[in-house]
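# Structural overview for review
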Amino acid sequence: MTFAPPQHTHGWLKLSPMNRRRLDNFRRNRRGLWSFWIFMALFAVSLSAEFVANDRPLIASYKGELLFPVLVDYPEDKFGGFEAHTDYRDPDIAGEIEAHGWMVWPPIRFANATTKLDPPTPFPSPPTWTLSEAQCRAAIVAHARGDAKKIPPGGGACRDLEPEWLGTDADGHDVVARLIYGFRISVLFGLILAGVSSAIGIAAGAVQGYFGGWLDLTMQRLIEIWSSLPHLYILIILSAILTPGFVVLLTILLLFSWVSLVHLVRAEFLRARNFEYVTAARALGLSNAKIIFKHVLPNAMVATLTFLPFIVNSSISTLTSLDFLGLGMPPGSPSLGELLLQGKSNLSAPWLGLSAFAVVALMLSLLIFIGEAVRDAFDPRKTFT
Amino acid sequence: MTAAAPLLSVRDLSVAFRHGDETHVVVDRVSFTLERGQALALVGESGSGKSVTAQSIVKLLPYPAASHPSGAVLFKGRDVLTMSDASLRDMRGAGVTMVFQEPMTSLNPLHTIERQVGEIIALHGGRAASTRDRVIALLTEVGLADPASRLGAYPHQLSGGQRQRVMIAMALANRPDLFIADEPTTALDVTVQAQILALLKDLQAKLGMALLFITHDLGIVRKIARDVAVMQKGRIVEAGKTAEVFANPQHPYTKMLLAAETKGEAPARDAAAKPILEANDVRVWFPIRHGFLRRTIGHVKAVDGVSLTVREGQTVGVVGESGSGKTTLGLAILRLIRSQGTIAYCGRGLSGLTVKEMRPFRRDMQIVFQDPFGSLSPRLSVAEIVEEGLIAQKTRLNAAERREAVARALADTGVDPASMDRYPHEFSGGQRQRIAIARAMALDPKFVVLDEPTSALDMSVQAQIVDLLRDLQKRRALAYLFISHDLRVVRALASEIVVMRRGEVVESGPAREVFAAPRSDYTRALFAAAFAIEAETSGVVSQ
């Protein structure tokens, strides 16, 4: 005779009733939910930045051969040139390919480091929709390089010019392309930094809180000393010694950011280790590791998850401010902070500062709204109002 | 005597709480009256609405979440529910006062006793010059020993019973006409409970005030109240003179409550049975450290030289007040905290075993805790909770077999196995305690420590759990170490008894002999308090 009821599996994800209630709470927060979907859409677009903004065509056909320039780096001699890499924006190469086939371009024909040739004005050049007809005509003539066939009849107008939606920066890079790539690098940096520092912070807090005693005392004092070091000066010194890059910056910031969660997790563990169900688990013969992961950690995770979006936010702000100060990513990297700095040095080119500001503000606001919704969803009292 | 209006008259009182869009009626058209100088007891299990009724008399509920769809509360002829805030404040603390269950949280931990008692005198028009004398007089009245030297004490420096005395002093400060006591002794030890009840009864007679006493303990009702009203699910199902109601209950719920008092007696001690667990001279000393180098200057002797033997199929009851070291002893025997002395399971010494070496023994030695809400992890389903031991002990069962074992353990303890995929918060306290017992029983142990398994439960549920434990013991020949301060439950289960006080054994022996003829004064006082609710005044027990 069997007693056990059949086990139900709830699709691909088994959610406990508590988590289902939290998910419902999150969904009920309209602002948080919309922020989440908008953010996810923007993040998805920026993850596929190479297919959205690139100086290489997505697909090209040349002399009957199907080419994928966005994925494969073809040498220029394939198209009658002599460089190691093909510049598809070069009028000669483009003309050669168009003559023997076709090209499908991404919506924006600039990568983050593509320098615009023949700008209508000296760099930074404004968005094309703000140019006067005379400026457009001059740019078209310059672009033709004396080839009269390339000048449209009547001298051309602004609609014949390659569009620059938000203009270029001081180095001649397209601002839209830079924003897309910059958004991606900021969010990835923030997520990785928040993820890794949370993992370290939770582990350290868990060990301190669960075992307590001398271990706790020693680590607490070490953390106090560590976190009282002047972060900014150490960063400046380290970035003078090491060549700053994505990984180097991530490591340096990680050195200091992991302590932020330790106190929280430690407090949760100190509270939870005295719960009777933890004693009951010890009486059943469970090992410490099992007790930590199965019984105590899930309780501490609520507090941690609630903090996570805010940690992502502060990581992004840190990276942006370092770039703004010129201590961050190497020159030429698509960074929002560097664009803000350009905006500050080129006050006569307001499209730089304004667009960088709008993207940073949007990104941080969306994350804050998501964070608030997550926090409220985890708040047990919220369900009763 | 003229037919004057009663002091307190509650008519058709209903209380509703709003949760979101839903409204729950928790008190449903309750009516009772209380004359000057009389005592009325409101009895019922948790959730029956007795505390909410009491709090609406002084309008202390969280309005506007709470509302009164019907009814009136007439205190001296005036309706409390429609009173202005100013006259409400005048009434509270002077006309009507209240004492709550938990004396630790009812007092402000940052203020001295003098200040807290003095504040309420000053609030209702006392003169500052005489306040100190008045406070001392009040504290003397409530029987606080040496009140003058206690004036500067903070709440944490007093025991639970002393704190409750201070609360009562504050409540009596302005000579109220009505005194509401909401389970004032539930958080206290039996001996202290008896003292507080004696004090309340004495004061009520002396000051001629009316007493509304809220409790779930029928024994107390018999002792203190002339009238009783039995509440169930927000309604008063039966009311009348206490003696009549108890002698001849009319409503089935009252009958059930009266029958629920744990009865029965444990089997006699069988000294020939195989000893399962022997503990010899167990000591748990916590060092007191002092100074910069944290030298050990002394020890708190939580358990000091306790020896006992638990035999197969029998129960050893450990009784004593809170702080007597009962729970510490239980944890030490299971080697969940460090201890000195020898502990042997089936003749094999457990002392000095590492965590790993100890693991096989964990299978045979289990524990059930007091609080069924704290002892089950809220994030695991019932099946996951019960099967945990099976996984930890590497019983080589596959998932389906484990589910089967879980289902059997649940069925054995009276929980429907079909509910095994639900979460603890969906169960009542009694059912949760059954799940906790199922978790212990899933491993088929031979020795179980039961640490106050019935103390957090309602009377009727207590009796069921005791029956379940007795039944399991009979079927599986289990050895129990039963820790409790509730002597009535211990008498129903234990064949041998150990009385502890301040970490030491005061008295031990076969339960029948000890209950029939306690040898030490402390045991006698404990029994008098528990069975007759009589206070011991000779000073053997602390305040």
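We now turn to the structure provided with this report.

Reading the values: the criteria
- Residues numbered from 1 in each chain as written.
- Chains lettered and ligands numbered in written order.
- Predicted model: local features only at pLDDT ≥ 70, side-chain atom pairs only at ≥ 80, totals over all residues.
- Helix = DSSP H or I, 4+ residues; strand = E, 2+ residues; numbered from the N terminus.
- Rg over C-alpha atoms; globule rule 2.2 N^0.38 Å.
- Buried ≥ 20, exposed ≤ 12 C-beta atoms within 10 Å, placed from the backbone.
- Contact = placed C-beta atoms within 7 Å.
- Pairing = 2+ DSSP bridges.
- Axes fitted to C-alpha atoms, helices over the stretch in contact; angles between N-to-C directions.
- Nonpolar A, V, L, I, M, F, W, Y, C, P; charged D, E, K, R; others polar.

### Quick word on the overall build of chain A
- Scanning chain A from N- to C-terminus turns up 14 helices and three strands.
- Taken against the 2.2 N^0.38 rule, which gives 21 Å for 385 residues, the C-alpha radius of gyration of chain A at 27 Å runs more than 25% over that of a compact globule.
- Counting only C-alpha atoms and orienting by the principal axes, one finds that chain A spans roughly 90 × 60 × 45 Å.
- Going through the 385 residues of chain A one by one, you find that 36% of them count as buried.
- Residue pairs in contact within chain A that sit at least 24 positions apart in sequence constitute 70% of those at least 6 positions apart.

### Digging into the overall build of chain B
- In terms of regular secondary structure, chain B is built from 20 helices and 21 strands.
- Relative to the 2.2 N^0.38 estimate, which gives 24 Å for 543 residues, the radius of gyration of chain B is 26 Å and therefore close to what a compact globule would have.
- Here the C-alpha coordinates of chain B stretch approximately 75 × 55 × 50 Å along the principal axes.
- A buried classification covers 46% of the 543 residues belonging to chain B.
- A separation threshold of at least 6 residues defines the contact pool for chain B, and within that pool the share at least 24 residues apart is 69%.

### Describing the sheet that holds strand β11 (residues 235-241) of chain B
All names here are of chain B.
- Taken together, the six strands give an open sheet; going across it, the order is β7-β8-β9-β3-β10-β11, and neighbouring strands pair in mixed fashion. Edge positions in the sheet fall to β7 (96-99) and β11, since each has one partner strand and no second. Adjacent strand axes in the sheet meet at a mean angle of 15°, parallel and antiparallel pairs treated alike.
- With five bridges joining them, strand β3 (residues 39-43) and strand β9 (residues 210-215) adopt parallel strand pairing. Note on β9: the bridge partner recorded for Val 43 is Thr 215.

### What to know about the interface of chain B and chain A
- In this complex, chain B contributes 32 residues to the contact, which on the side of chain A involves 22 residues.
- Contributions of two or more residues to the side of chain B that touches chain A are made by α13 (355-362), β17 (365-368), α14 (382-392) and α15 (399-412) of chain B.
- Tallying contributions element by element places α15 of chain B first for the side of chain B that touches chain A, with six residues.
- Counted by class, the side of chain B that touches chain A contains 13 nonpolar, eight polar and 11 charged residues.

### Observations regarding unusual backbone geometry
All names here are of chain B.
- In this structure, Arg 175 takes a positive phi of about 50° despite not being glycine.
- Inspection of the secondary structure assignment puts Arg 175 in the loop between α7 (160-172) and β8 (178-182).
- For Ala 477, which is not a glycine, the phi torsion comes out positive at approximately 50°.
- Tracing the chain through its elements places Ala 477 in the loop between α17 (459-476) and β19 (479-484).
- Taking the C-beta count within 10 Å as the criterion, Ala 477 has 15 such neighbours and is therefore assigned partly exposed.

On their own, these measurements won't tell you what the molecule is for.
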